[in-house]
Amino acid sequence: MRGWRLTVGVAGLGVTLVTATTTVLAQRQFQFFAHFSDASGKPIAGVTETDIQVQEDNALGKVLKLEPIDWPVKVAVLIDNGTGSGDRLTHTREGVKGLLQALPAGVEISLQTTAPQPRYLVRPTTDKGAVLQGVDLLTPDSSAGRFVEGLIETATRFDKERADKERGNFFPVIVIVGSLTAEGSSIRDRDVQKMFQQLGTRAMTTHVVMVGPTNQSGTTNVANAIQIGINASKLTGGRYESIAATTRLQTLLPEIGTQVSQAHARQRAQYRVTFERPEGKSGPQIGGIGLAGEKPMVVKLSLDGHMP
């Protein structure tokens, strides 16, 4: 790491650090995630505590710990198999298989349908072959898919798993295909709000594809599902696509799989930095970034390691 010494100036992240009940020591310690790469974008390995410095208002803090992380993604794939899905069944199956093949090897994947209610075709597994075989079990249902209910249930599952320390750390990813024609969810506003909170606080990336002919009657359920899908993808840095031509599923879903794979590579090449703020710098907020080094270096920082 010689020649890569880095100074990170902290000023303006706008992140709440403390509450009235925290101790003075806790107020002075702060944690964030850092991704170091060279000018070509290649991650820099082997960074140690002595290779970086953290400053706040030109005062030098103390790096307490620098931990390399290698957290995997866990991917939940939810597919609308409700009203009208039979016409696109072949394109859907091919697209989902392409998505799965583009995902990193060894990551946990689950496969669900959303009609007549969200349910597993394949429960979470690291056996990609089993999930690929499960795609052939995808069959149309005469009822409307439940896009929003599927999102809520999946966000809740990932929220519980992230809270369970025995499961280890990971980055959740949701890929969900919904319908522009029909939506059968029965939901409460408070459940949707809770879902958005879970998506934001658990570093979940949500990729949304809405497909099929638009419902000309403009039902409230469909309109709500579209808006919820847009907001979920925007909140989490995911991708939102609305498509009429179902043949596009064959190329779009593999593109999303590649995007997930690239995010996986970025996120696992990070460090979790714990530092002690300089004396007298123990207010409730800390923020912005400035940096300088002896060689060109690109540093990306986040509070939760989320790099979609």
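Here, residues in each chain are numbered from 1, in the same order as that chain's written sequence. Reporting of local features is limited, given that this is a predicted model, to residues whose pLDDT is at least 70; pairs of side-chain atoms are given and counted only at 80 or more, and all residues count toward the totals for whole chains, interfaces and linings. The basis for the side-chain values is all heavy atoms of the structure; hydrogens and waters are excluded.

### What about the side chain of T92?
Elements are defined by DSSP. Helices are runs of H or I of four residues or more, strands are runs of E of two residues or more, and each kind is numbered from the N terminus. With respect to the helices and strands, T92 occurs in helix α2 (residues 89–102). Throughout this description, buried means an accessible area under 20% of the type-specific maximum (1.4 Å probe, protein chains only), exposed means over 50%, and partly exposed covers the range between. Classification of T92 by relative accessible area gives buried; the value is 6%. Residue contacts for T92: discarding those within four places in its chain leaves I79, L138, L249 and L253. When checking whether two residues touch, look at their non-hydrogen atoms; a contact exists if any pair is within 4.5 Å.

### A look at the nonpolar core
Among soluble globular proteins, nonpolar side chains are generally buried collectively. Side-chain atoms within 4.5 Å are what join buried Ala, Val, Leu, Ile, Met, Phe, Trp, Tyr and Cys residues into a set we call a nonpolar core. Of all hydrophobic cores here, the largest spans 32 residues; its most connected members are V75, V77, L100, L111, V209, L253 and I256. Only β7 (73–79), α2, β8 (108–113), α3 (128–135), β10 (171–179), β11 (205–211) and α7 (249–268) provide two or more residues apiece to this core. Broken down by element, this core gets its largest block of residues, five residues, from α7. Contacts of V209, omitting those with residues within four sequence positions, involve I176, V177, G178, E241, I243, L249, L252, L253 and I256. Counting residues in each nonpolar core, the second largest holds 22 residues, with I152, M195, L199 and A232 among its members.

### Section: the pairing of β10
The buried fraction of β10 is high, at nine of nine residues. The side-chain alternation of β10 yields two buried faces, one formed by F171, V173, V175, V177 and S179 and the other by P172, I174, I176 and G178. A pair of strands is treated as paired once DSSP finds two or more bridges between them. Of the strand pairs in this sheet, β7 and β10 are connected by seven bridges, and their pairing is parallel. Across the sheet, the residue bridging to L78 is I176, located in β10. For the crossover that starts at β10, traverses helix α5 (residues 189–201) and ends in the parallel β11, the hand is right-handed. By definition, the crossover connecting two strands over a helix is right-handed if that path, from the first strand to the second, turns clockwise as seen with the strands pointing away from the viewer.

### Observations concerning α5
Here the expected span of a helix is defined as 1.5 Å times the quantity of residues minus one. With 13 residues, α5 extends 19 Å from end C-alpha to end C-alpha; this agrees with the ideal 18 Å at 1.5 Å per step. Those residues of α5 that fall on the buried side of the exposure criterion are V192, M195, F196, Q198 and L199. One side of α5 holds all its buried residues, which, seen down the axis, span an arc of 160°. Exposed and facing more than 90 degrees away from the buried side of α5 are D189, R190, Q193, Q197 and T201. Looking at the buried residues of α5, the elements they touch are α4 (147–163), β10, β11 and α6 (220–236). A203, located one to two residues past α5, shows a positive phi value of around 55°. This arc is taken over the directions from the axis of the helix to the C-beta atoms.

### Remarks on the sheet that holds strand β13 (residues 270–276)
What the four strands build is an open sheet, ordered β6-β13-β3-β16; its pairing is antiparallel. The sheet terminates laterally at β6 (62–69) and β16 (298–302), the two strands that pair on one side only. Between one strand axis and the next, the sheet turns by 30° as a mean value, whatever way the strands run. Sheet topology note: the strand β3 (residues 29–37)/β13 ladder contains six bridges and is antiparallel. Opposite A34, over in β13, you have Y271 as the bridge partner. Helix axes use the C-alpha atoms of the stretch in contact, all axes being lines fitted to C-alpha atoms, and the angles between their N-to-C directions lie in the range 0 to 180 degrees.

### Section: the packing of α4 against α5
The geometry of α4 relative to α5 is characterised by a closest axis approach of 9 Å and an angle of 45° between their N-to-C directions. The angle between α4 and α5 falls in the class oblique. Crossing hand, α4 versus α5: left-handed. Only D191, V192, M195, Q198 and L199 of α5 make contact with α4, whose side of the interface consists of V148, L151, I152, A155, T156 and D159. In this count, Pro and Cys sit with the nonpolar residues alongside Ala, Val, Leu, Ile, Met, Phe, Trp and Tyr, while Asp, Glu, Lys and Arg are called charged and the others, Gly among them, polar. Across the contact of α4 with α5, the residue classes break down as seven nonpolar, two polar and two charged. An angle below 35 degrees is read as roughly parallel, one above 145 as roughly antiparallel, one from 65 to 115 as roughly perpendicular, and any other as oblique. Handedness of each helix crossing follows the sense of rotation of the near helix against the far helix: counterclockwise by less than a right angle gives left-handed, clockwise gives right-handed.

### Let's talk about the environment of T50
By the element assignment, T50 lies in the loop between β3 and β4 (52–56). Looking at T50, the relative accessible area reads 57%, which means it is exposed. For the pair T50 and V63, spaced 13 residues apart in sequence, the C-alpha to C-alpha distance is 8.2 Å.

### With respect to the packing of aromatic side chains
In this scheme Phe, Tyr and Trp rings, the latter by its six-membered ring, pair at centre separations within 6.5 Å, and the angle between planes marks the pair as stacked below 30 degrees, edge-to-face above 60, and tilted otherwise. Evaluated as defined, the whole model comprises five aromatic pairs. A centroid spacing of 5.9 Å and a plane angle of 70° characterise the contact between F32 and F275, whose relative ring orientation is edge-to-face. In this pair, F32 is assigned in strand β3 and F275 in strand β13, connecting sequence segments 243 residues apart. Judged on exposure class, the residue F32 and its partner F275 are both buried.

### What about the confidence of the model for the chain?
pLDDT is defined as a per-residue confidence score from the predictor, taking values between 0 and 100. Of all residues in the chain, 85% have pLDDT values of 70 or greater, and the mean over the chain is 86. For residues 11–26, every residue scores under 50 in pLDDT, and the model assigns this stretch 33 contacts once sequence neighbours within four places are set aside. Every residue in residues 284–293 scores below 50 in pLDDT, and together they form 45 contacts with partners more than four places removed in sequence or on other chains.

### Here's the deal with the sheet that holds β7
Across the sheet, six strands lie side by side as β9-β8-β7-β10-β11-β12; this open sheet has mixed pairing. A single partner strand is all that each edge strand has here, and the edge strands are β9 (119–125) and β12 (240–243). For this sheet the average axis-to-axis angle between neighbouring strands, irrespective of direction, equals 10°. In this sheet, β12 lies alongside β11 in parallel orientation, the contact comprising four bridges. Across the sheet, residue V211 finds its bridge partner in β12, namely I243. Relative to β7, α2 is tilted by about 180°, and along the sheet it contacts β7, β8 and β10. Against the sheet, α4 contacts β7, β8, β9, β10 and β11, and its axis sits at roughly 170° relative to β10.

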